[in-house]
Amino acid sequence: MHWSQELVEGRLIRRYKRFLADIQFDNETVVTAHCPNPGAMTGLAETGSAVLVTKSGDSKRKLAYTWELVKVGRIWAIVNTQIANRVVADWLRRGLVLPGHTAIRSEFRRGDSRFDFLLDDHCLVEVKSVTLAAGPGEGAFPDSVTVRGTRHVEGLAQAAADGMRAVLLFFVARGDLSSVRPADEIDPTYAAALRDAARRGVEVMAVRARATRRGIAFDGVVPVNL
């Protein structure tokens, strides 16, 4: 995926109220940007961090800027969790992820939940962004308690029991993570539900993205340690 808008670099002053971030540009201008990430963002919201934002041309928007990436060490990590589905949809169409499917439907409702993708009417896919580094090279999900995430996992388990193919796909949003595990220390309920779903036939896999100023590239499959 290539960026459709120009990326502008700045420095993070603070992230607050979950969806707001004050950012200072090189010319000393300070703007308030939309932070499209509902999680704790542990390790990604440090004051002074280099960030990349895009500016919308929509005059009706309350906040013109959107926070997209943050520099962590030597890599850019994806802050905008809305990017994950757009990128995964492209990878699905190109056969980089779950190859062999021809029909891709987004935002499919089944039971009490809405899932990210339905492939060929028989494969249900839910995507979760991983940004938390729990140790050197080790990613963990979630970074905050997620009742909605637990409901999704339980819905996938039910779909598998009903004879569908069900996939929980972790989108590893930073290139310095080489594995993923459930974050028992943050949300043991989610972790238990994920392991139970895997035992009931849900496929749990992780794919890594590598973000640059040019775009976001597929960076391979990484192991999930349940």
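In the block above lies the structure referred to throughout.
A quick note: this is a predicted structure, and the numbers were derived from the prediction, not measured.

What counts and how
Residues numbered from 1 in each chain as written. Predicted model: local features only at pLDDT ≥ 70, side-chain atom pairs only at ≥ 80, totals over all residues. Heavy atoms only, no water. Phe/Tyr/Trp six-rings, centres within 6.5 Å; stacked < 30°, edge-to-face > 60°. Helix = DSSP H or I, 4+ residues; strand = E, 2+ residues; numbered from the N terminus. Buried < 20%, exposed > 50% of the residue type's maximum accessible area, 1.4 Å probe, protein only. Lys NZ or Arg CZ within 6 Å of the ring centre and 35° of its normal. Core = buried A, V, L, I, M, F, W, Y, C linked by side-chain atoms within 4.5 Å. Contact = heavy atoms within 4.5 Å. 1 Å grid on protein atoms, 1.4 Å probe; cavity = no way out; pocket = protein on both sides within 12 Å on 5 of 7 lines; lining within 4 Å. Points joined across faces, edges and corners; volume = space filled by probe spheres on them. Nonpolar A, V, L, I, M, F, W, Y, C, P; charged D, E, K, R; others polar.

**Observations regarding the packing of aromatic side chains**
If you walk through the whole model with that rule in mind, you get five aromatic pairs. On the numbers, 5.4 Å between centres and 70° between planes, the contact of F141 with Y190 is edge-to-face. Here F141 is found in strand β11 (residues 138-141), whereas its partner Y190 is found in helix α3 (residues 188-199), with 49 residues between them in sequence. Taking the relative accessible area as the measure of exposure, F141 reaches 11% and is therefore buried. One aromatic cluster is present, built from ring pairs that chain together W91, F171 and F218. Between the NZ or CZ atom of R14 and the centre of the ring of Y16, over which it lies, the distance is 3.7 Å.

**Description of the nonpolar core**
Grouped together as the largest cluster of nonpolar side chains are 29 residues, with contacts concentrated most on I78, F117, V125, V127, L169, F171 and I216. Within the residue set of this core, elements represented by two or more residues are β4 (50-55), β6 (75-78), α1 (83-93), β8 (113-119), β9 (123-130), β12 (165-172) and β14 (203-211). Ranked by residue count, the leading element in this core is α1, at seven residues. Dropping the residues within four chain positions of it, F117 is found in contact with N85, V88, A89, L92, I104, R105, S106, C123, L124, V125 and V127.

**A few points about the layout of surface pockets**
The gaps left among the atoms become clear once a water-sized probe is rolled over them. Here the largest pocket defines a volume of roughly 720 Å³. Lining the largest pocket are 30 residues; nearest its centre among them are P38, T81, K128, S129 and R148. Every element with two or more residues in the lining of the largest pocket is listed here: α1, β8, β9, β11 and α2 (147-161). Broken down by element, the residue count for the lining of the largest pocket peaks at five residues, all from β9. Looking at the lining of the largest pocket residue by residue, the classes come out as eleven nonpolar, eleven polar and eight charged. Reported here for the second largest pocket is a volume of approximately 220 Å³. Lining of the second largest pocket is provided by 17 residues; of these, Q5, T54, E68, N80 and R86 occupy positions nearest its centre.

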